[in-house]
Each structure stands twice: as C-alpha cells, then as structure tokens.
Number of protein chains: 2
Amino acid sequence: MDTVYVIKIGGNIIDNEAALASFLKDFATVPGKKVLVHGGGKLATQLAARLGVEQQMVDGRRITDAETLKIVTMVYAGYINKNVVAQLQSYGCNAIGLTGADGNVIQAHKRKHATMDYGFVGDIDAVNTGLLQSLLEQNITVVAAPITHDAHGQLLNTNADTIAQELATALGKQYAVQLIYSFEKKGVLLDVNDESSVIPVIDTNSYADLKSRQLIFAGMIPKLDNAFSALQSGVSKVIIGKAEELQELISGRSGTTISQ
Amino acid sequence: MDTVYVIKIGGNIIDNEAALASFLKDFATVPGKKVLVHGGGKLATQLAARLGVEQQMVDGRRITDAETLKIVTMVYAGYINKNVVAQLQSYGCNAIGLTGADGNVIQAHKRKHATMDYGFVGDIDAVNTGLLQSLLEQNITVVAAPITHDAHGQLLNTNADTIAQELATALGKQYAVQLIYSFEKKGVLLDVNDESSVIPVIDTNSYADLKSRQLIFAGMIPKLDNAFSALQSGVSKVIIGKAEELQELISGRSGTTISQ
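What counts, and at which threshold
Residues numbered from 1 in each chain as written. Chains lettered and ligands numbered in written order. Predicted model: local features only at pLDDT ≥ 70, side-chain atom pairs only at ≥ 80, totals over all residues. Helix = DSSP H or I, 4+ residues; strand = E, 2+ residues; numbered from the N terminus. Rg over C-alpha atoms; globule rule 2.2 N^0.38 Å. Buried ≥ 20, exposed ≤ 12 C-beta atoms within 10 Å, placed from the backbone. Contact = placed C-beta atoms within 7 Å. Nonpolar A, V, L, I, M, F, W, Y, C, P; charged D, E, K, R; others polar. Least-squares fit on C-alpha atoms with pLDDT ≥ 70 in both. Core = buried A, V, L, I, M, F, W, Y, C linked by C-beta atoms within 7 Å. Pairing = 2+ DSSP bridges. Axes fitted to C-alpha atoms, helices over the stretch in contact; angles between N-to-C directions. Parallel < 35°, antiparallel > 145°, perpendicular 65-115°, else oblique. Left-handed = near helix turned anticlockwise from the far one by under 90°. Arc of directions from axis to C-beta. Expected span 1.5 Å × (residues − 1). Bend = angle between axes of the 7 residues up to and from the residue. pLDDT = per-residue confidence, 0-100.

1. Some details on the overall build of chain A
Point 1. Assigned secondary structure in chain A consists of nine helices and 14 strands.
Point 2. Computed over the C-alpha atoms, the radius of gyration of chain A is 18 Å, within 12% of the 18 Å expected from 2.2 N^0.38 for a compact globule of 260 residues.
Point 3. With respect to the three principal axes, the spread of C-alpha positions in chain A is 45 × 45 × 35 Å.
Point 4. Residues counted as buried form 50% of the 260 residues belonging to chain A.

Next up, the structure:
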C-alpha cells in the first residue's frame, strides 16, 4: 500500500511570506504522494476590513454571510491557493489546487443548528476519491482550499482541519495515510509554556490517563479527539507539530505521534 | 477522433448573473468533452475600485501591477471560477476549475516589450495536455481561468481569448477541436448595426475578399486572424457567435463558422 501524506498548515504559516516559502520548499521535497490543506489565516479578515464588510463572530466562530463567503472564496480558493500552487511548481512539485466543488471532490451541506445560523458554512457529507486518486497516481500533489459545495450550486466555507481529516479518512481506504496537523507549537505539550515538554507518542491508553490527570491543555482536546477518530476510521498515523519541522515530523524526530 | 469543444465566454455573460446561469445550464447539456474558458468581465475593475486600487490603462490595455494581479487572481481564479464550477456541478456537469499554474497546464513568461511594461501579464510558452487529456477522458469538464504562471512562482494575468486558442491548438493534436468564441453579437456581421447581417461561413478566400472590400469591421480583424491561425495549427472548426445561442452555434444554425 502506497503512503499518502495529508498535511494541514495553519494560519501562522500562511500569514508569513518567508515562513510559507520555506515550508513549501520543504514540502516539495517530501517524496511520494501528498495532499496539502490550507486555511486562510488573517488575509480574509484583512480583506473584509479593507472592504468594510463587518465580520460577525459568535462564540469565536465567524459567521459566513454572503459577502464573507465571497471574500473567503476569493482569498482561499483564489489568492492563497493559486500562489501556493505556483510556488510549489517553482520548487519542482507538480501541484493542482482544488476546492470541494472541483471535480465534486467534497460535497457538503449548509450547517444546520437548532438556534444558530452560521451562514454559508459547510459540514461535509462525502469525499469522492476517484479524481484524487487519479491525480495522485499521476504524481500530482493536491492543494485543497477550505471551500466545499452542496451540489446545488452553493459554495460553502468549511473548516480546514475537518477537510484534512475527511480527505485522510477517505484516502485511507486505498492508501496508508499519514495525517499531519502543523500548528504553532512543537507538538502536544505537557506544559503549554514549555516547548521542550512535547509528548512524543500518545495512544488510547495514555490519552485517557493524561485526560484524567488533566495534563492535556483544554484547547488540544478537540484536536486529539479528531486525531483518534481519524485513526479509528482507517488513517494509519496522525502527527501534530511545527510546520517548520516538517521533515522531522515525518521521520518521527519531532512532534507528537498519535496512535491507537 | 473524439470531438472537444473549447468555448470562450465573454465578460457580458460573466457580468450578468441570469445570463450566466442560463448559459451554464445550456453548456452543461453539450454532450462529450468540453473546456470552458472565462474572462473576468467588470468584476475585477469593481473590486479594484472598492479597494481604491487605481487601474492604469495604456492604449486600452490594463497594466497589471502587483495589487491588480492579486485582485484578478482573487476574482478570476477564486470568485468567478469556483462559482462557475459549483453551478456546473448543480446542472450535472462534473467540472474542475484550473489556472495555468494548476498541474503546470499553461506555462507563460512575463510579457517583454521594447518600450512598455505591462506588469504581470503573461504570454504563453507551452500547454501541457497530459493532465487535460486525463481529465477529459474521465468526463470532467475543464473550466479555465485567465491566469497562468512562469514556473518560477509568478502568477501572470493572461488574455482569455489567447488561452482558449492555445488550449484548442494543443488539444487539436489528440482531438477534433471546435473552438467557439462567444461575444455580444450574433456572429461576424456585414453591417455592425444589423444583427441579421451575420455571415454564416468565412473561408480563407472569402476573408481576403471581405477584407479587400473593407466589409469587415476593424475590431473583428484580430479575432478572425486568430481564428485562421488556430485552423492552421490544427483546430478543426472555429465558430463565433452569441453565448445565448450555444446549441445553435454548435449545430451551425447560428453564428459565423470559420474554415480554411
């Protein structure tokens, strides 16, 4: 079974031109089949401010009204996605940028909620792996923007972490998938303020133990729950760590590896 | 030899939501392999105005400075391209949106000119048909945005008519390509003010005759020169006419067919 790396980069890399260039140079050298999933960082918020489009936030979540959807489509699927693709091409990595609408790769529905209207936000229904496989088999790297569609003509703003997880799970049926979430920290830390306190491996047992002893920072719990759910759905390995250490994350010399 | 339709839609369709929806519904029903090439219409100009980015025009051509490139990338490759793809999906046409950077489909270089700097404008060097063929063979319709890249990380704003012609010519080696340029008029007119004066067929001889008698509206000459050049490079047929009459253009009941 071939390995596929599904790598999610965080906003801290997207927002920093030099960090992004350095990451993409590294990423281009990762051998074999790979998928890059990016979010939007602060660029969409900045464009909204320049256009005077007010951003509604409820419980820390952005409400995607029609104007905001237009902005995130322009920034995520247009500006960021195409610049990432062009840069990867310059580093000898043949990449293609996709949203979920392209080739009907990711179908979603507008989020339903009892009391809240999140606007044009998508919850994923299905990943169609046919086209993805065909691209990966042609040694083309997929760069996924966090936009999906509902198959009725509506684009939907969709969480990039969730997209990474859903792509990893779907590809897990045909490939040995390693899902890498990169963020600002070196990995899951025992002490949030100490970058040297990375927990190298977390498995189901040690996770239960760490949680019961309240040694896991609350903000990490959703990420780790998602990681275990991905493993249960057929992803081979989940790694969490710093984008700047991509090679080390892959080789296991850095970050936190989550296994069952 | 399979037929491929390469269809360019003009800004007048892009700018009109109802006209675009109706065109895409028609386009979705065109059987077989097809490529849609779109420009940007007035949307990029409008966004530039909202952002206070001044548009420099020289001899009727837009100068693409860094800020303008950012805007056209967002509008063409993001907003327009992804909305066209999502709409086509809703009409049962499995489409994928591409710029020239995606899969390295269209490589270009920054325009060189003795006295003028057009900015980030691309002149096309090469079309790589491998990925295009693979998509078309999977019955996936390609939607091309007028953005290319230079393989060194630079995106470039590129004329959509030229992209249509270059894609048609490159695909002409493997397919019987029909290149359709849609614009505001019903076809090439003998009298610009009379929509009923469409010339149904122009071939090399009649073109020379029409030109010598100055019966061709000056603005049409570059379009027709391009059409003949496409035919000489292996495109089977070029048709010019109204996007609203797509089915009739394909069946030859409307528009002007240009043949050698």
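From this point on, the discussion continues.
2. Remarks on the environment of L51 of chain B
Point 1. Position of L51 of chain B relative to the elements: it lies in helix α3 (residues 43-51).
Point 2. Along the sequence, L51 of chain B and I71 of chain B sit 20 residues apart, while their C-alpha atoms lie 9.3 Å from each other.
Point 3. If we skip the residues at most four places from it in the chain, L51 of chain B touches R50 and L51 of chain A.

3. Quick notes on the interface of chain A and chain B
Point 1. Listed as interface residues are 35 residues of chain A and, on the opposing side, 35 residues of chain B.
Point 2. Mapped onto the side of chain A that touches chain B, the elements with two or more residues apiece are α3 (43-51), α4 (66-90), β5 (95-98), α5 (129-137) and β9 (147-149) of chain A.
Point 3. Sort the elements by how many residues they give to the side of chain A that touches chain B and α4 of chain A lands first, with 14 residues.
Point 4. A class-by-class count of the residues in the side of chain A that touches chain B yields 14 nonpolar, 17 polar and four charged.

4. Some points on the relation of the copies chain A and chain B
Point 1. Its rotation angle being 180 degrees, the transformation that places chain A on chain B also includes 0.0 Å of axial translation and leaves an RMSD of 0.0 Å. The two molecules are tied by a two-fold rotation axis, judged by turn and shift. In terms of C-alpha distance to the rotation axis, chain A has G78 of chain A as its closest residue, with the C-alpha 1.8 Å off the axis.
Point 2. Take the interface residues of chain A: 100% of them recur as interface residues in chain B, which is what a same-surface contact looks like.

5. Regarding the nonpolar core
Point 1. With 167 residues, the main nonpolar core has V6, V75 and L167 of chain A together with V6, V75 and L167 of chain B as its most contacted residues.
Point 2. When neighbours within four sequence positions are excluded, V75 of chain A is seen to be in contact with G40, L43, A44, L47 and I80 of chain A together with M74 of chain B.

6. Considering the sheet that holds strand β8 (residues 141-144) of chain A
All names here are of chain A.
Point 1. The mixed open sheet is built from eight strands, whose spatial order is β5-β8-β2-β1-β11-β13-β14-β12. The outermost strands of the open sheet, each flanked by one partner alone, are β5 and β12 (201-202).
Point 2. Here strand β1 (residues 3-9) runs beside strand β2 (residues 33-38); their pairing, made up of six bridges, is parallel. Its bridge partner lying in β2, K8 is registered against V37.

7. A word on the pairing of strand β13 (residues 237-242) of chain A
Residues and elements named next belong to chain A.
Point 1. Within β13, six of the six residues are buried, which leaves the element mostly enclosed by the surrounding structure.
Point 2. The sheet contact formed by strand β11 (residues 176-183) and β13 spans six bridges and is parallel. Of the residues in β13, the one forming a bridge with I180 is I239.
Point 3. In terms of strand pairing, β13 meets strand β14 (residues 256-258) through three bridges, oriented antiparallel. Pairing of I239 across the sheet is with T257, part of β14.

8. Some points on the packing of helix α2 (residues 17-29) of chain B against helix α4 (residues 66-90) of chain B
Residues and elements named next belong to chain B.
Point 1. Packing of α2 against α4 leaves a shortest axis separation of 9 Å and a crossing angle of 55 degrees. In this view, α2 runs oblique relative to α4, as classed from their interaxial angle. Two packed elements cross with a definite hand, and for α2 against α4 that hand is right-handed. Of the residues in α4, those touching α2 at A21, L24 and A28 are V84, Q87 and L88.
Point 2. When grouped by side-chain class, the residues that make up the contact of α2 with α4 number five nonpolar, one polar and no charged.

9. Concerning the sheet that holds strand β1 (residues 3-9) of chain B
Residue and element names in this part refer to chain B.
Point 1. Taken together, eight strands build an open sheet; the order of strands is β5-β8-β2-β1-β11-β13-β14-β12 and the sheet is mixed. The open sheet has two edge strands with one neighbour each: β5 (95-98) and β12 (201-202).
Point 2. Sheet topology note: the strand β2 (residues 33-38)/strand β8 (residues 141-144) ladder contains three bridges and is parallel. Residue pairing in the sheet places L36 in a bridge with V143 of β8.

10. Some details on α3 of chain B
All names here are of chain B.
Point 1. Looking only at α3, the buried set comprises L43, A44 and L47. Angular distribution of buried residues about the axis of α3 spans 100 degrees; they occupy a single face of the element.
Point 2. Phi for G52, located one or two positions after α3, is positive at around 70 degrees.

11. Describing the packing of α4 of chain A against α4 of chain B
Geometrically, a packed helix pair is captured by the angle between its two axes and the distance between the axes.
Point 1. Interhelical geometry of α4 of chain A versus α4 of chain B gives an angle of 115 degrees and a closest axis separation of 7 Å. On the basis of the axis angle, α4 of chain A is roughly perpendicular to α4 of chain B. Seen from above, α4 of chain A lies across α4 of chain B with right-handed handedness. Residues K70, T73, M74, V75, A77, G78, Y79 and K82 of chain A of α4 of chain A pack against K70, T73, M74, V75, A77, G78, Y79 and K82 of chain B of α4 of chain B.
Point 2. A breakdown of the residues in the contact of α4 of chain A with α4 of chain B according to their chemical character gives eight nonpolar, four polar and four charged.

12. Some remarks on α4 of chain A
Residues and elements named next belong to chain A.
Point 1. Across its 25 residues, α4 extends 35 Å between first and last C-alpha, which sits within 8% of the 36 Å expected from 1.5 Å per residue.
Point 2. Roughly 30 degrees is the biggest bend found in α4, and it falls at N81.
Point 3. Most of α4 sits inside the fold, with 21 of its 25 residues counted as buried.
Point 4. Immediately downstream of α4, the backbone of G92 shows phi near 80 degrees, a positive value.

13. Details of the confidence of the model for chain A
Point 1. In this model, chain A carries an average pLDDT of 94, and 100% of its residues clear a pLDDT of 70 or more.
Point 2. Scored as a complex, the prediction yields pTM 0.96 and ipTM 0.96.

14. Topic: the environment of M220 of chain B
Residue and element names in this part refer to chain B.
Point 1. On the secondary structure map, M220 appears in helix α8 (residues 220-232).
Point 2. Note on M220: 20 C-beta atoms within 10 Å, which makes it buried.
Point 3. Expressed as a C-alpha distance, the spacing of M220 and E166, which sit 54 residues apart in the sequence, is 19 Å.

15. Observations regarding unusual backbone geometry
All names here are of chain A.
Point 1. A positive phi angle is found at N104, which is not glycine, with a value near 55 degrees.
Point 2. Its place among the elements puts N104 in the loop between β5 and β6 (106-110).
Point 3. In the Ramachandran plot, N139 falls in the positive-phi region, its phi being about 60 degrees despite a non-glycine side chain.
Point 4. Within the fold, N139 resides in the loop between α5 and β8.
Point 5. Residue N139 is classed as exposed on the basis of its C-beta count, with 11 C-beta atoms lying within 10 Å.

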